[in-house]
Number of protein chains: 2
Amino acid sequence: MNTQKLKKIINHVFIKHGLSNKHAKISSNYIIKAELVGAPSHGLARLKMYCNRIKKKLINCKPKIKIKKISQSISHIDANNAIGFVGADTGIKIAISNAKKTGFGMVGVKNSGHYGLSSFYAEQAVKKNLMVWCFTNAPPAIAPYGSTKALFGTNPVCFGAPTGNKIPFILDASASIINRGKIRRAEKLGQKIPAGVALDKNGKPTTNAKKALEGVQLPIAEFKGSGLAWMVDIVSGVLTGANHGGKVKDPFDDLTGPQNVGHLFIVIKPGIFVGKNYLTQIKKNLKAVKRLPRSNMIKKILYPGENKYAKYKKNIKKSIEIPDNILQEMNKLNAI
Amino acid sequence: MNTQKLKKIINHVFIKHGLSNKHAKISSNYIIKAELVGAPSHGLARLKMYCNRIKKKLINCKPKIKIKKISQSISHIDANNAIGFVGADTGIKIAISNAKKTGFGMVGVKNSGHYGLSSFYAEQAVKKNLMVWCFTNAPPAIAPYGSTKALFGTNPVCFGAPTGNKIPFILDASASIINRGKIRRAEKLGQKIPAGVALDKNGKPTTNAKKALEGVQLPIAEFKGSGLAWMVDIVSGVLTGANHGGKVKDPFDDLTGPQNVGHLFIVIKPGIFVGKNYLTQIKKNLKAVKRLPRSNMIKKILYPGENKYAKYKKNIKKSIEIPDNILQEMNKLNAI
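Scoring rules and cut-offs
Residues numbered from 1 in each chain as written. Chains lettered and ligands numbered in written order. Predicted model: local features only at pLDDT ≥ 70, side-chain atom pairs only at ≥ 80, totals over all residues. Helix = DSSP H or I, 4+ residues; strand = E, 2+ residues; numbered from the N terminus. Rg over C-alpha atoms; globule rule 2.2 N^0.38 Å. Buried ≥ 20, exposed ≤ 12 C-beta atoms within 10 Å, placed from the backbone. Contact = placed C-beta atoms within 7 Å. Least-squares fit on C-alpha atoms with pLDDT ≥ 70 in both. Nonpolar A, V, L, I, M, F, W, Y, C, P; charged D, E, K, R; others polar. pLDDT = per-residue confidence, 0-100.

Asker: Which parts of the structure should I look at to understand the overall build of chain A?
Answerer: Assigned secondary structure in chain A consists of 11 helices and 9 strands. In terms of overall dimensions, chain A is globule-like: its C-alpha atoms have a radius of gyration of 20 Å, near the 20 Å expected for 336 residues. Viewed in the frame of its principal axes, chain A has a C-alpha envelope of about 55 × 50 × 45 Å. In chain A, which comprises 336 residues, the share counted as buried stands at 59%. In chain A, the share of contacts with a sequence separation of at least 24, taken over all contacts with a separation of at least 6, comes to 63%.

Asker: How should I be thinking about the relation of the copies chain B and chain A in this particular structure?
Answerer: Note on the chain copies: they are related by a rotation about an axis and a translation along it. Superposing chain B onto chain A takes a rotation of 180 degrees plus a shift of 0.0 Å along the axis, which leaves an RMSD of 0.0 Å. Put plainly, the chains are arranged around a two-fold axis. Closest approach to the rotation axis within chain B is made by the C-alpha atom of Ala-221 of chain B, at a distance of 3.1 Å. A share of 100% of the interface residues of chain B reappears at the interface of chain A, consistent with the copies meeting face to face through the same patch.

Asker: Help me understand the interface of chain B and chain A, please; the structure alone is not making it clear to me.
Answerer: Interfaces are often described in size by the accessible area the parts lose on coming together. The partner chain A presents 58 residues to the 58 residues of chain B that form the contact. Contributions of two or more residues to the side of chain B that touches chain A are made by strand S2 (74-78), strand S3 (104-112), strand S5 (157-161), strand S6 (169-173), helix H8 (223-238) and helix H9 (277-290) of chain B. Among the elements that make up the side of chain B that touches chain A, the one with the highest residue count is H8 of chain B (9 residues). A per-class count over the side of chain B that touches chain A returns 34 nonpolar, 19 polar and 5 charged.

Asker: In this structure, what is going on with the confidence of the model for chain A? I would like to understand it.
Answerer: Here chain A averages 95 in pLDDT, and 100% of its residues register 70 or above. For this predicted complex, the interface confidence reaches an ipTM of 0.95, while the overall pTM sits at 0.96.

Below is the structure:
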């Protein structure tokens, strides 16, 4: 389907379900963007889930978002259970504004929800020539190292930096070997998942997506990946006043209350120490890595973000392919 | 050897080589501490290297460390090629002081050197009830994803948080599967390294420590570990004005100039958003993870930092065992 047409439909679906024009526009933009960058697990596959939560009033259509200014650099947001896209979008915009004034901005967000890809928010900062970390926690998916039960979310470390060219450096590394959205999508489409990335609820390896969702995902690099997921839970949840320690609710399966996801955004002026020399040096840095001898397994050495950017550029010209079952869901939601 | 006696000898060695009393004390403390926490690869095994670099004037014995205050929260340090321990120690102390005043402190350090374990500096902040990230880059050891040549250092992500008890949460996760110091120590002691962690200079897997040092180490989790190492290089090197992109000199093998390592310290008041509730929540968080069902492979679920703390407590009561060849090195240095 044509991107503009699709965006209008999604927007319409959200407005029909009660979101304001402004919030519907923010949300549909991010959902379409997930499709365009090649992350459909964070796109249309989640539309029904968002609408379900809106209908059950677990996502607040008319949130009173409270913004508390702690200093010129630091702000705290209570998103009042707004849809995650809006909670996070408010947060990153304030962090950017604070960083522009003082060289550094930090914003903690509580009472928010699943916000799509962290790279959406990192990109906003990088486009304003700022360096950024975005952290969010998520419902239990990964077993802490040494445990057989899921507790941490896939809790990505997301970092962005201006590159001096139009393709930003954006690392978005989840702590799980593959992301949970990919497993959800495999389940939806009846596909198998790769071996070695998940255990079933009895702690046995599985390639069945449904069993993996009932069981646990494995962290990257054992205790290191587990530790990184724990760090993200602490800074997104404990620090901000959001849920944490396995208490963030699963947006699909748990309709007993709002998710209360937490986010932390840290934004820095990249010239804060070295001025304009930052751009000269980052260009040298990227060039030094890209010109290294490469293994036969890859065509080109890429920096984080290049791949998603290339997919976006390619997909923006094409129509978006929508799997049948998701198209049916979408049509039902639009017909309400 | 008795810890106090050993510390005196190291201190004496450094003073003989020209460090000031103050800088010798800082450096010997950190070297002994590496031994006590069970990281001998960052301890006495490096003493000769530091002394060599001092003799060659690549480490500056009388550095004029310049501290530039950018705001109440942000400072930039030119360590003037001081020994890395001193450059970093100055940096973390200022970051702590800034954070105490404003809730947030950020310090970039350039013209520094290898500073031992990141957890040394994280611990200082956590002991003052602060949350902290410590980043440092390092000489080439890891091949970027898709390349066959080492460029990134083992570039750890180090994060610390107060726990409300005497054992701090300190994650110190390097981007390599095993740390370079362990390979160096294996080489020194004539031991093999595990399979699957390194390639020789021809890109073939090796368990020979010497060949691994000539070749490349493999990053954790492929492009994710590679991306994390790249992020650490950008924030430690490009941002601060230090070397980066493979230009940080190897302290053992490259005597053509000072290392110019860079560090970045970010320190946050953990109560900045939620006040005293932070301590209540972090305790709940740790308890929630530690009481999960555990696999048969481990005795107890531990948070990052517990293991090193236990080793420290155990080792502080014992004498430190020193391998013969390192003892000989030390005696030679002390006899100068």
